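Summary of structural features
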Amino acid sequence: QVQLEESGGGSVQAGGSLKLSCAASGAIFSSCRMGWSRQAPGKERELVSRISVDGTTRYADSVKGRFTIAQDNAKNTLYLQMNALKTEDTAVYYCAADCGVTFYWGQGTQVTVSS
């Protein structure tokens with residue numbers, strides 16, 4: 001059983017930055033594709049970014065050039081650096097691990113961007 005715990009959410013003004021962290025309960029990055037998704041009130045959950053086992057990254061068009069995904073294998077921690085935040089980035093952000101047979105979600109962390 002994989003456990004994922006997000007941290008780093010909070011409130012920030014538009015144009016500001018936040019860095020989210022996701023601590024995994026074990027060394028899963030060599031076998032699981034990791035990612036961040038978000039869900040705003042009244043909207044469906046959407047993929048923000050993901051990083052494959054080989055290090056390939058992908059971003060939603062809405063965050064390209066502003067967000068950066070990274071992982072520290074030694075710390076079993078996934079990160080999402082978010083810069084130039086916009087009010088439309090307000091959402092609950094979830095860490096996810098796609099381990100092929102099983103998919104895991106974290107509990108989510110709230111990000112609120114005010115104008």
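Preceding this section is the structure that the text describes.
Okay, so let's go over this structure.

Conventions adopted
- The residue numbering used here restarts from 1 in each chain and proceeds along that chain's sequence as written.
- The model is predicted, so local features are restricted to residues of pLDDT at least 70 and side-chain atom pairs to those at 80 or more, both for listing and for counting; the totals for chains, interfaces and linings are taken over all residues.
- The basis for every side-chain value is the complete set of non-hydrogen atoms in the structure, without hydrogens or water.
- Classification of ring pairs rests on two measures: the distance between centres of Phe, Tyr or Trp rings, Trp counted by its six-membered ring, which must be within 6.5 Å, and the angle between planes, read as stacked under 30 degrees, edge-to-face over 60 and tilted in between.
- What counts as a helix is a DSSP run of H or I of at least four residues, what counts as a strand is a run of E of at least two, and both are numbered from the N terminus.
- In this scheme, a residue with accessible area under 20% of its type's maximum is buried, one over 50% is exposed, and one in between is partly exposed, where area comes from a 1.4 Å probe on protein chains only.
- One side-chain nitrogen of Lys or Arg within 4 Å of one carboxyl oxygen of Asp or Glu is enough to make a salt bridge.

Attention now moves to the packing of aromatic side chains. Evaluated as defined, the whole model comprises two aromatic pairs. When the ring of Tyr 94 is compared with that of Trp 105, the centres are 6.2 Å apart and the planes differ by 85 degrees; the resulting orientation is edge-to-face. Here the residue Tyr 94 occupies a position in strand β9 (residues 91-98), and Trp 105 occupies one in strand β10 (residues 103-105), the gap between them amounting to eleven residues. Assessed through its relative accessible area of 40%, Trp 105 is described here as partly exposed.

Moving on, we get to the pattern of salt bridges. If you walk through the whole model with that rule in mind, you get five salt bridges. Notably, a salt bridge pairs Arg 33 with Asp 98, separated by 3.3 Å at the nearest N-O pair. Of this pair, Arg 33 sits in strand β4 (residues 33-39) while Asp 98 sits in strand β9, placing them 65 residues apart in sequence. In this structure, Lys 64 and Asp 61 form a salt bridge, with 3.1 Å as the shortest nitrogen-oxygen distance. It is possible to trace a salt-bridge network through shared partners that takes in Arg 38, Glu 46, Arg 66 and Asp 89.

No statement about biological role is implied by the geometric values presented.
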